[in-house]
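For reference, the chains in residue letters:
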Number of protein chains: 2
Amino acid sequence: MKHLLIVILAAFITCGFSPAQNANTAGLSIKDDGKWQKASSTHRLAQFPKIHPDGRVWFRYKAPETAQIVKVHMGTTDYAMAKDTGGYWNVVISNPPIGYQVYWIIVDGTEVQDPGTDIYYSNGYRGVLEVPSPGEEAFYNPQNVPHGDTREHWFYSEVTGSFRRMFVYTPPDYDKNTGKRYPVLYLQHGAGELEMEWTHSGKANFILDNLIAQGKAQPMIIVMNNGFATKPSQEGQQLAGNARWAAFEEMLIKEVIPDIDRSYRTIPDKEHRALAGLSMGGMQTFSIGLNNLETFSHLGVFSGVPTNYSELLKVALDKGPSFNKQLKLLWFGAGTAEASFINRQKELQDLLVKSGINAKYFVSEGTGHEFQTWRRCLNQFAPLLFVQ
Amino acid sequence: MKHLLIVILAAFITCGFSPAQNANTAGLSIKDDGKWQKASSTHRLAQFPKIHPDGRVWFRYKAPETAQIVKVHMGTTDYAMAKDTGGYWNVVISNPPIGYQVYWIIVDGTEVQDPGTDIYYSNGYRGVLEVPSPGEEAFYNPQNVPHGDTREHWFYSEVTGSFRRMFVYTPPDYDKNTGKRYPVLYLQHGAGELEMEWTHSGKANFILDNLIAQGKAQPMIIVMNNGFATKPSQEGQQLAGNARWAAFEEMLIKEVIPDIDRSYRTIPDKEHRALAGLSMGGMQTFSIGLNNLETFSHLGVFSGVPTNYSELLKVALDKGPSFNKQLKLLWFGAGTAEASFINRQKELQDLLVKSGINAKYFVSEGTGHEFQTWRRCLNQFAPLLFVQ
């Protein structure tokens, strides 16, 4: 983030705002060469943010006339915007990090979501910018291949005492091959997020559509639950450590998996059941997976190695190489731009190698604690699942 | 809206903000009697907005310290908030309209979404408050009955030259009775909205789950598309009148319906195909439905009678009573608090009655141009569909 170059647009843009509006570049220090395009995350009705093929991003926001200081906050940096004669505030940022970038506008100290962009939920709704990653996007964008459906599936949880929903991806041939049964990947989101983020932000459905179409991954069902669950008796309590996941674990094992095995054509055994997740979901995978080795045969931890990994791994470390019979796949991935997670992953790798425990490790070059890392993780992890 | 009573909370609330926070009522002109509950639209991590069993709503918002004037905007009214000693701004509103109310916060002129509440998409993301409607909610809230799935279904549209998604509700027995085929209701959202709003905001899936469980409606598939569609050749053009729906109509008839009939176990004939929508979706139903009488047998117009209804009805008016053979159901509904729509519906009713054309008319008491009206419309309309 520190390496971003900032270019403030000169303050003489004179165009109005309409659905068909293009930027008037009269008086701009940066000329509109006709190559600026709406970001894929920009709304149908909005024209900004825009992306230039050279990688620059152009933000524009209409603040009240009385506004004094308007900024874009992205990553850990505030970028000052400059007001044009039309009352719009503008800033162009060069070399933003690729992928799925959270940002917001700050108007005299008040945080505002940019009304021109898509949002995702992480402890509140946040604006997001999809920054192109040339040469890489084909794996997570929709292609002209058969598409699986993602189903919103509702159930009543006795554990939490509430109606809950999960999202269930069924592969493209699911409704055609009605005699066929499928393995299941349980896939969890990160802290503060909702259960739709693996498809909405992570594009898990397109990643699997594309892998399946190329014969690179087995057709599988993916089940995405909300990882926050509390029992009515825990209401208002501050939980710590693995106690935070206890109700979720109970719900997953006793309610979700049986519901999925009843409702969908699964292969309902350990060999055909995987658990993975990002960040908090990775930590849950680590804890719940190792605690339920009779239920899951494949585990994937994306940017989620917890600080107490050696303690949680005790069950494996104590057994040494004989532990390898208990899992078909133990998989870790993290990005080079998320120091604590990639460092812990490397420490853990040293420990497991030394202990003779098999696992696979993936390093996502140049990406941080965001969905570009996790899209890549899923794209690497899914082909290794349920392979004979 | 004009009749709402406003009570500003006294400015001496001293509590902090934490997930387990309850309001400290010391110094308040309104006492916390322990009966305030989070609204069903309030986030897991937030405590406000809260609802009192007597109907009052309590909004709270943390503005920057420098903020001078903070308001809640709901309906057509700004409600002044008062700052407490903890830096939170508060207002209690008595007798808000029931149902699904859009609102936002205004901080010194800057519109902000309340981070404590759910949002819906209507020409941008908007905060929404679910105001209880005692005695009525059972029909649209989830009950202990079998639930259908709502599927996110992707397809490539040659008409628009883009990948698009639709949402497809399949009834609770769809995956069990794999030999059974179902009728289909095509159901459209309003202007500025997205294709998920009929389930997210309208709770169409729960309404059908509940009707089907009670034997009040036939099990049916519901298909929800984005009603905005333009051909690549129309890019940047300002379209008017029915030309606005031409690309959507072409996509619906030539691509969507065939895709649905290929992908799901439908009964692919006119007798088992309905079209309905709210507001803009009602106007689309009016135009596209009357233009495709060989495709649809049931039409539902919710708060959507257009100004040029008599012109659009010419095909029916010219035929008189013999037109009745062409449709099994022509249905209109609107709320008493949305003057132009309910008035046009009444004018149209007079015209149709005079012309001997059969239709049904529903009036939603006390509700305006929002989802409480449309939930009621769907609840009245769906039982009349596909009845022998």
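Every value quoted in this text rests on a predicted model; they were computed, and no experiment measured them.

Bringing the overall build of chain A into the picture now. From N to C terminus, chain A includes eight helices and 20 strands. On C-alpha atoms alone, chain A measures out to a radius of gyration of 23 Å, which is about the 21 Å that the 2.2 N^0.38 rule sets for 388 residues. Evaluated residue by residue, chain A yields a buried proportion of 59% over its 388 residues. When contacts within chain A are restricted to residue pairs at least 6 apart in sequence, long-range pairs at least 24 apart make up 71% of them. Positive and negative side-chain charges in chain A, numbering 37 and 38 respectively, have mean positions lying 3 Å apart.

On to the relation of the copies chain A and chain B, then. Each copy of the sequence occupies a distinct position, and chain A is placed on chain B by a rotation of 180° and an axial shift of 0.0 Å, giving an RMSD of 0.0 Å. The operation mapping one copy onto its partner corresponds to a two-fold rotation axis. In terms of proximity to the rotation axis, the leading residue of chain A is Arg151 of chain A, whose C-alpha is 2.0 Å off the axis.

Another point: the packing of aromatic side chains. Scanning the entire structure with this criterion turns up 42 aromatic pairs over all chains. Aromatic side chains Phe286 of chain B and Phe332 of chain B sit 6.1 Å apart centroid to centroid with 50° between the ring planes, which places their arrangement in the tilted category. In this pair, Phe286 of chain B is assigned in helix H4 (residues 280–291) and Phe332 of chain B in strand S19 (residues 329–335), connecting sequence segments 46 residues apart. Here a set of aromatic residues connected by ring pairs shows up, and it is made of Tyr100, Tyr120, Trp198, Phe302, Trp331, Phe362, Phe371, Trp374 and Phe381 of chain A. Directly above the ring of Trp104 of chain B sits Arg126 of chain B, whose terminal nitrogen or CZ lies 4.3 Å from the centroid.

Let us look at the interface of chain A and chain B. Each partner contributes to the interface: chain A provides 40 residues, whereas chain B provides 40 residues. Taken over both partners, the interface formed by chain A and chain B buries close to 3,300 Å², and the fraction arising from carbon and sulfur atoms is 56%. At the surface where chain A touches chain B, the tally comes to four salt bridges. With its nearest N and O atoms 3.3 Å apart, the salt bridge here joins Asp149 of chain B to Arg151 of chain A. Inspection of the region where chain A meets chain B yields 14 residue pairs in polar contact (both at pLDDT 80 or more). Sorting the residues of the side of chain A that touches chain B by element identifies strand S10 (110–112), strand S11 (118–121), strand S13 (149–157) and helix H2 (204–213) of chain A as the ones contributing at least two each. Considered class by class, the residues forming the side of chain A that touches chain B number 15 nonpolar, 17 polar and eight charged.

Low-pLDDT stretches of the model should not have their predicted coordinates read in fine detail. All names here are of chain A. Averaged over every residue, the pLDDT of chain A is 90; the share at 70 or more is 92%. Across residues 1–28 the pLDDT falls below 50, and counting only partners more than four positions away or on other chains, this stretch makes 81 contacts in the model. For this predicted complex, the interface confidence reaches an ipTM of 0.90, while the overall pTM sits at 0.91.

What follows is about the packing of helix H3 (residues 243–263) of chain A against helix H4 (residues 280–291) of chain A. Residue and element names in this part refer to chain A. For the pair H3 and H4, interaxial distance at closest approach is 11 Å and the crossing angle is 65°. Seen along the crossing, H3 lies across H4 with a hand that is right-handed. Here Trp245, Phe248, Glu249 and Leu252 of H3 lie close against H4, whose contacting residues are Met280, Met283, Gln284, Ser287, Ile288 and Asn291. Taken together, the residues of the contact of H3 with H4 break down into six nonpolar, three polar and one charged.

With that settled, the discussion passes to the side chain of Asp209 of chain B. Residue and element names in this part refer to chain B. Position of Asp209 among the secondary structure elements: in helix H2 (residues 204–213). Put simply, Asp209 is tucked away with no salt bridge, and the nearest opposite charge, on Lys176, sits 11 Å away. There is a polar contact of 2.6 Å between the side chain of Asp209 and the side chain of Tyr169. Residues in contact with Asp209, not counting those within four places in the same chain, are Val145, Pro146, His147, Gly148, Tyr169 and Pro172.

Summed over the entire model, instances satisfying the criterion amount to 30 salt bridges over all chains. Overlapping salt bridges bring together Asp149, Arg151 and Asp175 of chain A together with Asp149, Arg151 and Asp175 of chain B as one network.

Attention now goes to the environment of Val91 of chain A. Residues and elements named next belong to chain A. Residue position: Val91 is located in strand S8 (residues 88–94). Judged by relative accessible area, Val91 falls into the buried class, the value being 0%. Sequence separation between Val91 and Met81 is 10 residues; the distance between their C-alpha atoms is 5.0 Å.

Bringing helix H7 (residues 339–355) of chain A into the picture now. Residues and elements named next belong to chain A. Spanning 17 residues, H7 covers 24 Å between terminal C-alpha atoms, matching the ideal 24 Å at 1.5 Å per step. The set of residues buried in H7 consists of Phe341, Ile342, Arg344, Gln345, Leu348 and Leu352. Taken around the axis of H7, the buried residues stretch over an arc of 160°, which confines them to a single face. Among the exposed residues of H7, those pointing more than 90 degrees away from its buried face are Val353 and Lys354. A positive backbone phi angle near 75° is found at Gly356, which sits one or two residues after H7.

Glancing now at the environment of Ala337 of chain A. All names here are of chain A. Within the secondary structure, Ala337 sits in the loop between strand S19 (329–335) and H7. In sequence terms Ala337 and Ser364 are 27 residues apart; their C-alpha atoms lie 8.6 Å from each other. Setting aside anything within four residues of it in sequence, one finds Ala337 in contact with Gly366, Thr367 and Gly368.

This part covers the pairing of S8 of chain A. All names here are of chain A. The element S8 is extensively covered by neighbouring structure, given that seven of its seven residues are classed as buried. Direction of pairing for strand S4 (residues 57–62) relative to S8: antiparallel, over a ladder of six bridges. Its bridge partner being in S8, Tyr61 is matched across the sheet by Trp89. Two successive antiparallel strands, strand S7 (residues 82–83) and S8, enclose a turn made up of four residues, where Gly87 displays a positive phi of approximately 90°.

Residues and elements named next belong to chain A. Residue Pro49 is bonded to the preceding Phe48 through a cis peptide linkage, with omega at 0°. You can see Pro49 is positioned in the loop between strand S2 (37–38) and strand S3 (50–51). Its identity is not glycine, yet Asn123 carries a phi of approximately 50°, on the positive side. Locating Asn123 in the fold gives a position in the loop between S11 and strand S12 (125–131).

Here the focus is the packing of H2 of chain A against helix H8 (residues 371–381) of chain A. Each packed pair of helices is defined by two parameters, the angle between the axes and the distance between the axes. All names here are of chain A. Direction vectors running N to C along H2 and H8 enclose 30°, while the axes themselves pass 10 Å from each other. The interaxial crossing formed by H2 with H8 has right-handed handedness. The segment H2 lies against H8, with Ala204, Ile207, Leu208 and Leu211 engaging Arg375, Leu378 and Asn379. Split into classes, the residues belonging to the contact of H2 with H8 amount to five nonpolar, one polar and one charged.

Cut-offs and rules
Residues numbered from 1 in each chain as written. Chains lettered and ligands numbered in written order. Predicted model: local features only at pLDDT ≥ 70, side-chain atom pairs only at ≥ 80, totals over all residues. Heavy atoms only, no water. Helix = DSSP H or I, 4+ residues; strand = E, 2+ residues; numbered from the N terminus. Rg over C-alpha atoms; globule rule 2.2 N^0.38 Å. Buried < 20%, exposed > 50% of the residue type's maximum accessible area, 1.4 Å probe, protein only. Contact = heavy atoms within 4.5 Å. Lys, Arg positive; Asp, Glu negative; His and termini not counted. Charge placed at Lys NZ, Arg CZ, Asp CG, Glu CD. Least-squares fit on C-alpha atoms with pLDDT ≥ 70 in both. Phe/Tyr/Trp six-rings, centres within 6.5 Å; stacked < 30°, edge-to-face > 60°. Lys NZ or Arg CZ within 6 Å of the ring centre and 35° of its normal. Buried area = accessible area lost by both parts, 1.4 Å probe. Salt bridge = Lys/Arg side-chain N within 4 Å of Asp/Glu carboxyl O. Polar contact = N/O pair within 3.5 Å; in protein donor to acceptor, adjacent residues only side chain to side chain. Nonpolar A, V, L, I, M, F, W, Y, C, P; charged D, E, K, R; others polar. pLDDT = per-residue confidence, 0-100. Axes fitted to C-alpha atoms, helices over the stretch in contact; angles between N-to-C directions. Left-handed = near helix turned anticlockwise from the far one by under 90°. Expected span 1.5 Å × (residues − 1). Arc of directions from axis to C-beta. Pairing = 2+ DSSP bridges.

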